[in-house]
Every structure is written in structure tokens, then in C-alpha cells.
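Architecture and fold: a report
Residue strings, one per chain:
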Amino acid sequence: MPAVGIVIGDGNREYPGKLTLYVTMTCIVAAMGGLIFGYDIGISGGVTTMESFQKEFFPSVYEKQKNDHESNKYCKFDSIPLTLFTSSLYLAALCSCVVASYVTRAFGRKLSMLLGGVLFCAGALLNGFATAVWMLIVGRLLLGFGIGFTNQSVPLYLSEMAPYKYIGALNIGFQLSITIGILVASVLNFFFSKIPGGWGWRLSLGGAVVPALIITVGSLILPDTPNSMIERGRFKQAETKLRKIRGVDNVEDEMDDLIAASEASKLVEHPWRNLLQRKYRPHLTMAILIPSFQQLTGINVIMFYAPVLFQTIGFGNDAALMSAVVTGLVNVGATVVSIYGVDKWGRRFLFLEGGLQMLISQVAVAAAIGAKFGVDGNPGVLPKWYAIVVVLFICIYVAAFAWSWGPLGWLVPSEIFPLEIRSAAQSVTVSMNMIFTFIIAQVFLMMLCHMKFGLFIFFAFFVAVMSVFIYVFLPETRGVPIEEMNQVWRSHWYWSRFVDGDENGRVEMGKVH
Ligand SMILES: OC[C@H]1O[C@](O)(CO)[C@@H](O)[C@@H]1O
């Protein structure tokens, strides 16, 4: 997720500051924001394969998969209410993003986090105690509203509290905690599914209450950010707070820049209209395409539905949930690789290498499933070695995503938007991501039913398209301070026609970003 907000410093200036208790607490709360998002992503697929859950809420799916040995296996989970259970969260998150950005600006980051935490708690409880499908869906909607608030406020809070030099790392750190949340969810699903009497799914869904409570309590005890005090004209208070947060006395430089940034952002009258200007065409294009492409890699087919997918292709219950744990582990590990490599190897290299690796593994998965299942999806008994090969290719695919499009899908947009369009462009990025996450969650099981193993070719096609797009249109942004970005567009073979001349030239941001 993005570390949104006003980035301070002139790219060369080093602000003094230590890793204080405040900063550490900030990181913990921020980690909870990512964790709970990841938890929601990872929990639903496993829960929907639990028999007690299916029997209680989706008896027709249960019957179909128990008794129907004849018809197409690719279709055994194809049920609109079942997919709505997963996808409704992202639709709600999309809607609440808009309200959340207003609340965060007008009433501060803490209130937004508190609202997010409370909505999460309500959603988790409603889900854990659900006795009807509507309770499940309303619970997921509440969780989604919560995500809209925390995804807006937590990264912003984080980027304002963290010492300048940690901002980049925290950006990927947030994505890392999403992947950890997904992993925790799949491990819990694995163990909870063994609990008899229908308690397993209740514990899995209700478990979200733990990180939700941490965020709620955190938002009450954490301090306000100096930035939001400055926005409200409390300069003295902000300076005292900044000293305390940074653990040093000489915070004058940072204070000056914060005040300048706040004043500059007040001058931005029409961020949305700004974004439509010709000179921001490259930014708008990236704000729309990068998050859309991130989802069109098909990653959430695996993240949401890995256990469903593995059961569809003939794995037993346990093996399906275990395989989801394995892909979850690979996801976390490869995100760490990205943190290590992103400044060493550059963004373009990771995008292109990741794209190629995803393409090859998707074609391999399609071929392996197609060869064994044909179009009617009836493999007889799936040999163990064959199942392992399929899981292996899926892991190769997940690893590629997790060190390329996963973190870079957030990092690259966050480093190319100049201050005067930053908040608008960031909202476009977050919204596009949510829209496509919703669409994929909603239509995947139907697509699997109709396109069968060809579904993986469908996503492979998009991976090819997006890799070509990166190769041709995305300049390298590694180590480019934001005030130099315009120069990068200006020397690009295509974007130079939009960002040419001095009139569009450098944005006067030396002090404020
Ligand atoms: O780690 C995979 C996860 O990362 C995201 O792309 C968010 O950045 C999610 O949509 C996905 O489930």
C-alpha cells in the first residue's frame, strides 16, 4: 500500500532523528493496518472450502461438490453469493476511500484510524457470529469500509511520523505486512478447519477482531502528527511534538519544510482538475494503468481462491489449505527480496523480470492443468508428483509477483506524483486497485467455469501486455528525487510531447516535498 502524503525534504537534506518509541509504536499500528487487510484477503478462500461453512450458508455449493461426480469440476464452486462474500469487501473499500480521504483531511488521521478500527471490530464480530448469509455479507461490507479508512489514514500517518529516511522502506513494509496477514490467515484456516462443530470458520472470521482492537486502541493512544497540528495552526505544539518524536532538539529544518509543505498544499485549489491537464498525462496514465495491471496479473485468483482452486483441481481439503500456506510463505519471502533489491536492481528490471517469470509460469500452469483435466475437468486421481508440480509453478508465479508488481504497484506511483496532484492521483491509484480487485474477486469462479485452464492464458496475455507497456513507457525511477521527475518525463521518447518546455517545466517544489 502506498505511503501517501506530503513527503518532506529536498532530497538532499538529512533531518536528524532517532528511532524513538513513538516511531516504533507507529510502525506497529501501521503493520496492523496491513495485517488486517492481508488477513481479509487470505481468510475468505479457505473459509469457503470448509464443509461446515458451506453447509450452513451455501448448501447448494456443498451438494454440488459432494454429489456431482459427473459434471465439470471447473464449475463446482461457481456461485454468485459465494463470490459476493469475497468481493463485497472491495466494493465497500472503494466507496469508503472517498469518504475516508475527506475525514482524514478534515478531522485528522487519528479519527480515520479509529473509525476504521471500530468498523473492523463490528465486521469481524458480525462475521464470527453469523447465522445467515446477509450477516456474512454485511460483515464483509463493514470490514471493507474499515479498510477504506485505514488504508487511507495509516500510510499517511506513517509517512508523517517516520523519520524521512525510513519512508521508502515503510512503503514496501506496508505491502510486506499485507503478505504476512495473508499468510497468517492461511495458517489459521489450516488449523481451524480441523475444529469440529462449525467453530473453525467462526474462529477464522472472528479472528480479525484481534488486529482490529489493536488499531482501535492504538488510534486512541497514539499522538497526533506534527503535520496535522501545523495544518490547524498549532505551530508551537507541533514543534514540541516533533522534538519528542524525533528524540532530538534541532528540528528547525524539518519544521520549516513542514510549514512550507502545508502552505503549498493549501494553495492547491483544484487537484482533480490539475490532474486532467495535458502536462500530467504521464502521471494520470500511470495512476490508472499501474494498479489495474497489478490486479490483471491474476494474483488475487491465487490469494483469494488458492484453496478453492487447489480443491477444484483435485486436492484434498488439507492439501488445498496447506498449499495456500506454501504460496503465502513464498509471497512473504519474495516481498523481502524486493525490499532488498528495489534500489539495487531498479524498478524496470524487477517489473520486466517478474513479468517474464509470471508469463512462463502461467503458461506452464495452464498446460499442466489442461493436459490432465482437459475441458471437462475430470482428472480421475491426481498423482502426487503432478500436484506438486502444479503447486511449484504457482509458487514461481507468486514469487515473481511479490518482488515486482506487488510492491512496485504502490511504490512507483507514490514516487512520480508531484505535490500539486499527489492526493488526487493517489486516490485514483487506490480506487483503480480496488475496482479491479473487486472485479477479479467477483468473476473469477465464473471465468474458471467457462474458460477452464484457459483462464491462466487469459492472465498471461495481460502480463505480456503490461510488460511491453513497462518496457516502452515507464522510465526508471530509482533514485530520482521527485523534483527531478519532470526531467525524466521530458527526456522520454513519448512523454516528452506532453511535458515539454519550461512552461510545464519544473514544479517549484525544492522545499516542500
Ligand atoms: O500479496 C498479494 C496482495 O497484494 C495486493 O496486490 C495489494 O498490494 C493484493 O491485491 C494482493 O492480494
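Residues numbered from 1 in each chain as written. Predicted model: local features only at pLDDT ≥ 70, side-chain atom pairs only at ≥ 80, totals over all residues. Heavy atoms only, no water.

Buried together is how nonpolar side chains tend to be arranged in soluble globular proteins. Ranked by internal contacts, the top residues of the largest apolar core, which has 112 residues, are Phe53, Ile302 and Trp405. When near neighbours in sequence (up to four residues on either side) are disregarded, Phe53 contacts Val47, Thr48, Phe58, Phe85, Leu136, Trp201 and Leu205. If you look at the next biggest cluster of nonpolar residues, it comprises 13 residues, including Tyr22, Val29, Leu158 and Ala162. (Core = buried A, V, L, I, M, F, W, Y, C linked by side-chain atoms within 4.5 Å. Buried < 20%, exposed > 50% of the residue type's maximum accessible area, 1.4 Å probe, protein only. Contact = heavy atoms within 4.5 Å.)

For the rest of this paragraph, the subject is the packing of aromatic side chains. Under the counting rule described, the total for this entry stands at 25 aromatic pairs. Aromatic pair Phe293 and Trp405: ring centres 6.1 Å apart, planes at 85 degrees, arrangement edge-to-face. Taken together, the positions of Phe293 in helix α14 (residues 281-296) and Trp405 in helix α19 (residues 405-416) put the pair 112 residues apart, joining distant regions of the chain. Overall, the relative accessible area of 0% leaves Trp405 in the buried class. Between Phe458 and Phe459 the ring centres are 5.3 Å apart and the planes differ by 75 degrees, which places this aromatic pair in the edge-to-face class. Three or more aromatic residues link up through ring pairs in this structure, and these residues are Phe293, Phe351, Trp405, Phe469, Phe473, Trp489, Trp493, Tyr494, Trp495 and Phe498. When the ring centre of Phe85 is taken as origin, the NZ or CZ atom of Arg140, which lies over that ring, is 5.1 Å away. When the ring centre of Phe190 is taken as origin, the NZ or CZ atom of Lys194, which lies over that ring, is 4.1 Å away. (Phe/Tyr/Trp six-rings, centres within 6.5 Å; stacked < 30°, edge-to-face > 60°. Helix = DSSP H or I, 4+ residues; strand = E, 2+ residues; numbered from the N terminus. Lys NZ or Arg CZ within 6 Å of the ring centre and 35° of its normal.)

Another aspect to go through is the site of the ligand. What surrounds the ligand is the set Ile41, Gln175, Thr179, Ile182, Gln294, Gln295, Asn300, Met303, Asn331, Phe401 and Trp410. In the environment of the ligand, an oxygen atom lies 2.7 Å from a nitrogen or oxygen atom belonging to the side chain of Gln175. Gln294 is positioned such that a nitrogen or oxygen atom in its side chain is 3.1 Å from an oxygen atom of the ligand. Most atoms of the ligand, that is more than half of them, are within 2 Å of grid points of the largest cavity. The element contributing the most residues to the shell around the ligand is helix α7 (residues 167-192), with three residues. Split into classes, the residues belonging to the shell around the ligand amount to five nonpolar, six polar and no charged. (Near = heavy atom within 4 Å. Polar contact = N/O pair within 3.5 Å; in protein donor to acceptor, adjacent residues only side chain to side chain. 1 Å grid on protein atoms, 1.4 Å probe; cavity = no way out; pocket = protein on both sides within 12 Å on 5 of 7 lines; lining within 4 Å. Sits in = over half its atoms within 2 Å of the grid points. Nonpolar A, V, L, I, M, F, W, Y, C, P; charged D, E, K, R; others polar.)

The next subject is α14. Compared with the 22 Å implied by 1.5 Å per residue over 16 residues, the 22 Å span of α14 between its first and last C-alpha is a close match. In terms of burial, α14 is a largely internal element, 13 of the 16 residues being buried. Remark: Gly298 follows α14 within two positions and exhibits a positive phi of approximately 90 degrees. (Expected span 1.5 Å × (residues − 1).)

Right, let's talk about empty space enclosed by the protein for a bit. Summary: where empty space remains is shown by rolling a probe the size of a single water molecule over the atoms. A full pass over the atoms with the stated rule returns seven cavities of 30 Å³ or more. Together, 19 residues line the largest cavity, and Ile41, Gln175, Ile178, Gln295 and Asn300 are the ones closest to its centre. Per-element accounting of the lining of the largest cavity gives the leading share, four residues, to α7. Class assignment of the residues belonging to the lining of the largest cavity gives a composition of 11 nonpolar, eight polar and no charged. Estimates place the volume of the second largest cavity at around 90 Å³. (Points joined across faces, edges and corners; volume = space filled by probe spheres on them.)

The next point concerns the confidence of the model for the protein. Interpretation of the predicted coordinates at a detailed level should be avoided for regions scoring low in pLDDT. Taken as a whole, the protein shows an average pLDDT of 83; of its residues, 88% reach a score of 70 or greater. Ignoring residues within four places in sequence, the model shows residues 2-12, a span with pLDDT below 50, making 40 contacts including any to other chains. Per-residue pLDDT stays below 50 along residues 502-513; that stretch engages in 34 contacts with residues further than four places along the chain or on separate chains. Both scores are available for the predicted complex, with the pTM at 0.85 and the ipTM at 0.96. (pLDDT = per-residue confidence, 0-100.)

Turning our attention to the packing of helix α5 (residues 109-128) against helix α6 (residues 133-161). Axis separation between α5 and α6 bottoms out at 7 Å; the angle between their running directions is 155 degrees. Classified by the interaxial angle, the pair formed by α5 and α6 is roughly antiparallel. The handedness of the crossing between α5 and α6 comes out as left-handed. Looking at side-chain class alone, the contact of α5 with α6 contains 18 nonpolar, eight polar and three charged residues. (Axes fitted to C-alpha atoms, helices over the stretch in contact; angles between N-to-C directions. Parallel < 35°, antiparallel > 145°, perpendicular 65-115°, else oblique. Left-handed = near helix turned anticlockwise from the far one by under 90°.)

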